[in-house]
Amino acid sequence: MEAPWWKSAVFYEIYMPSFCDGNGDGIGDFAGMASKLDELAELGVNGIWLTPFYPSPKVDNGYDIADYTAIDPVYGTMEDFEAFLREAHARDIRVIADLVLNHTSSEHPWFRESRSSRSNPKRDWYIWKDPVNGGPPNNWESFFGGPAWEFDEATRQYYYHAFAKEQVDLNWTNPEVRAAMKGVMDFWLDRGIDGFRLDVINFLKVSGTFPDNPYDAETGEQQHVHDKDQEGILDAIAELSAHAHARKGTFMVGEVGSEDMDVLRRYSGTGLLDVVFNFNLGSQETFSLERLYGELKKMEAAHAPGQLPTLFFSSHDMPRHISRFGEGDPVLEERRAKLISALTLTAKGVPFLYYGEEIGMRDFVAETIEEMRDVQGLTAYRLALAEGLDPEEALEKALAKSRDKSRTPMQWTDETYGGFSDAAPWIGMGPRHDVLNVRTQRRDPDSIYQFYRQLIALRHRHPSLHGGDYGRLERQGEVLLYVKRAAGEEALVALNFGTEPFALPVGRLLSGPFRFVLSSRRETDGAHEPFLLGPQEAAIWISENSSVKETCHT
Ligand code: GLC
């Protein structure tokens, strides 16, 4: 039986407004992205995740959809979308679309109808409640801060919004909503899309009795007990999954916002989602191998044979890992980024790269509130001012929450706007695009870009890298070691996060004749035994013709 395509894919997330501007308005678009497909193919990625590209007022940059079956004119036309998809497929690159099923924009015609009167047929498509004691129905807070209920003067009821008040939660207990969303999936599958990334999918259901959420005794923060992961959620997901998977090869990855592995693992598997994002692995603010290793072990224990975790360290919702893990030291930043890339592309799981990580793009920090674009940062600013903080303190609060850091234009060249556009981009440029750009790094054999390219090529070539199970997975001090096996082949990956060299008995760790295939330090020849793994070096060996039995699950 042939394994599904996504099990060996290398995904690459594109933040729509920031990848490449084809029409000179300072915002990325389909024409721009199509012009970069050759470069993505050269890098070796064969799956693209596009953030929402549907018509939207863009309060949350497209995660507030006003029409599920069209293209936002700022990104181009339906023909531009189709041309992009065709060109991607011609290069064996599959494309998945971000679907926001939990909420619509308050500008969506469904919501306009719903809010028009209590008796409107679409009233029950959203979650409306009467005031309680002249205030909101309960204490639920929005994930962007502030109350999750908005009072609507026209019909004198509150509506529920887990995110901004312009992102209104749909009522997933309503069969008409479920049917409408299955229709949306069909629309894009008919146009050839290869799968979906399902936004905040564990939020689809909230408690039917609406009890108050408790607060954490230590932090004072609200615990989201009754507004996510509710009873019946898996039935809704199973229904969506059955619908989408009826078309062979459709891939579904879910964003499940939970730190609990036991909760996470419920969402994927036969009849459910193919994989879910595990934020615990990559979202730490600082680097700790102990934590990372603990998470890899948990992921391994939580997944049944044949199931895969996801591997990622950056996304449009978090600061870039190179900035988080590098402690402000450019050399350490680069070395740790290479170690993390080796882990992402060789450990067991489905890797999701975030645009720009392959050239080591760093975080952007807004200097004034006028430079800030993200609704989460802007909400924090507004709330801080309302609490009586002065503008400088409020800016600090806003910066801590703002997700703009990782959303700056892709840096293609050292030109003024990094080759992203001829016009001033919609958001500020990230730092040091004079060297942190594709053109410069393509010419430099030691660059992060070249290391990613080599890693991806190696991964595609070797079953033990793009598939397989762990023969061993261990930490020795600051060194992470694993052996993976598939199809009579073994790979040994050794990642030294420490500052001391480490003697590695390669021959004892592998069960057959082996050869050295890649190191993050080009001077390494990998020939000596024991091999001396340098400080902050990543190295990989392959043993073909090994006597290892096939353990690859498909
Ligand atoms: C997801 C998206 C994030 C968005 C939120 C609300 O977490 O990744 O960017 O703000 O959902 O749709």
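Details of the structure are given in the entry above.
This one's a predicted model, so the numbers in the text were calculated from it and none came from an experiment.

### Considerations on helix α11 (residues 330–346)
Given 3.6 residues to a turn, an α-helix orients residues that are three or four positions apart in the same direction.
Line of reasoning, step 1. The end-to-end C-alpha separation of α11 is 24 Å, in line with the 24 Å expected for 17 residues at 1.5 Å each.
Line of reasoning, step 2. Where α11 begins, one side-chain oxygen reaches toward the backbone nitrogen of V331, 2.8 Å away; that side chain belongs to D329.

### Thoughts on the site of the ligand
Line of reasoning, step 1. Around the ligand, a shell composed of 14 residues is seen, among which D60, D199, E255, H316 and D317 lie nearest.
Line of reasoning, step 2. For the ligand, an oxygen atom lies 3.0 Å from a polar atom in the side chain of H103.
Line of reasoning, step 3. In this structure, an oxygen atom belonging to the ligand sits 2.4 Å away from a side-chain N or O atom of D317.
Line of reasoning, step 4. Starting from 310 Å² of accessible surface for the ligand in isolation, the protein chains cover 96%.
Line of reasoning, step 5. The residue inventory of the shell around the ligand, partitioned by class, reads 4 nonpolar, 3 polar and 7 charged.

### So, the packing of α11 against helix α15 (residues 448–461)
The axes of two packed helices give the description: the angle between them and the distance between them.
Line of reasoning, step 1. Relative orientation of the contacting elements α11 and α15 amounts to 15°, with a least axis distance of 10 Å. Overall, the two elements α11 and α15 adopt an arrangement that is roughly parallel. Crossing hand, α11 versus α15: right-handed. Here E334, A337, K338, S341, A342, L345 and T346 of α11 lie close against α15, whose contacting residues are I448, F451, Y452, L455, I456 and R459.
Line of reasoning, step 2. For the contact of α11 with α15, the class distribution of residues is 8 nonpolar, 2 polar and 3 charged.

### Side note on the nonpolar core
Line of reasoning, step 1. Judged by nonpolar contacts, the single largest core of 135 residues is most densely connected at F53 and W188.
Line of reasoning, step 2. Per-element tally for this core: the top contributor is helix α5 (residues 175–190), with 8 residues.
Line of reasoning, step 3. Residue contacts for W188: discarding those within four places in its chain leaves F53, Y54, Y68, T69, A70, I71, M78, F81, I193 and F196.
Line of reasoning, step 4. One finds W140, Y158, Y160 and F210 within the second-largest nonpolar core, a separate group that totals 15 residues.

### Regarding the environment of Q307
Line of reasoning, step 1. One can find Q307 in the loop between α9 (289–302) and β12 (310–311).
Line of reasoning, step 2. Each C-alpha atom, one on Q307 and one on G269, is 6.6 Å from the other, the two residues being 38 residues apart in sequence.
Line of reasoning, step 3. If sequence neighbours within four positions are ignored, Q307 has contacts with R265, S268, G269, A302 and K348.
Line of reasoning, step 4. A polar side-chain atom of Q307 sits 2.9 Å from a polar atom in the side chain of S268.

### Overview of the packing of aromatic side chains
Describing an aromatic ring pair means giving the distance of the ring centres and the angle of the ring planes.
Line of reasoning, step 1. For the structure on display, the rule yields 49 aromatic pairs.
Line of reasoning, step 2. Pairing Y12 with F19 gives two aromatic rings, centres 5.9 Å apart and planes at 75°, and the pair type is edge-to-face.
Line of reasoning, step 3. Taking the relative accessible area as the measure of exposure, F19 reaches 0% and is therefore buried.
Line of reasoning, step 4. Ring centres of F531 and W541 lie 4.9 Å apart, and the angle between their planes is 75°; on these two criteria the pair is classed as edge-to-face. Residue F531 is found in strand β19 (residues 531–533), and its partner W541 is found in strand β20 (residues 538–543); the two are separated by 10 residues along the sequence. Comparing F531 with W541, the two get one shared label, buried.
Line of reasoning, step 5. Every member of this aromatic cluster is reached through a ring pair, and the members are F30, F53, Y54, Y68, F81, F84, W110, W125, F187 and W188.
Line of reasoning, step 6. In this arrangement the basic side chain of K36 is found over the ring face of W412, its NZ or CZ atom lying 4.3 Å from the centre.

### Digging into helix α3 (residues 78–90)
Line of reasoning, step 1. Relative to the 18 Å expected for 13 residues at 1.5 Å per residue, α3 spans 18 Å between its end C-alpha atoms, a close match to the ideal helical length.
Line of reasoning, step 2. Among all positions in α3, only M78, F81, F84, L85 and A88 are buried. Along α3, the residues classed as buried sweep out an arc of 125° about the axis, all on the same side. Of the exposed residues in α3, those oriented more than 90 degrees away from the buried face are E79, R86 and A90.
Line of reasoning, step 3. If you follow the buried residues of α3, they end up packed against α1 (30–34), α2 (37–43), β2 (47–50), β3 (94–99) and α5.

Conventions used here
- Residues numbered from 1 in each chain as written.
- Predicted model: local features only at pLDDT ≥ 70, side-chain atom pairs only at ≥ 80, totals over all residues.
- Heavy atoms only, no water.
- Helix = DSSP H or I, 4+ residues; strand = E, 2+ residues; numbered from the N terminus.
- Expected span 1.5 Å × (residues − 1).
- Polar contact = N/O pair within 3.5 Å; in protein donor to acceptor, adjacent residues only side chain to side chain.
- Near = heavy atom within 4 Å.
- Areas by Shrake-Rupley, 256 points an atom, 1.4 Å probe, with all protein chains shown as cover.
- Nonpolar A, V, L, I, M, F, W, Y, C, P; charged D, E, K, R; others polar.
- Axes fitted to C-alpha atoms, helices over the stretch in contact; angles between N-to-C directions.
- Parallel < 35°, antiparallel > 145°, perpendicular 65-115°, else oblique.
- Left-handed = near helix turned anticlockwise from the far one by under 90°.
- Contact = heavy atoms within 4.5 Å.
- Core = buried A, V, L, I, M, F, W, Y, C linked by side-chain atoms within 4.5 Å.
- Buried < 20%, exposed > 50% of the residue type's maximum accessible area, 1.4 Å probe, protein only.
- Phe/Tyr/Trp six-rings, centres within 6.5 Å; stacked < 30°, edge-to-face > 60°.
- Lys NZ or Arg CZ within 6 Å of the ring centre and 35° of its normal.
- Arc of directions from axis to C-beta.

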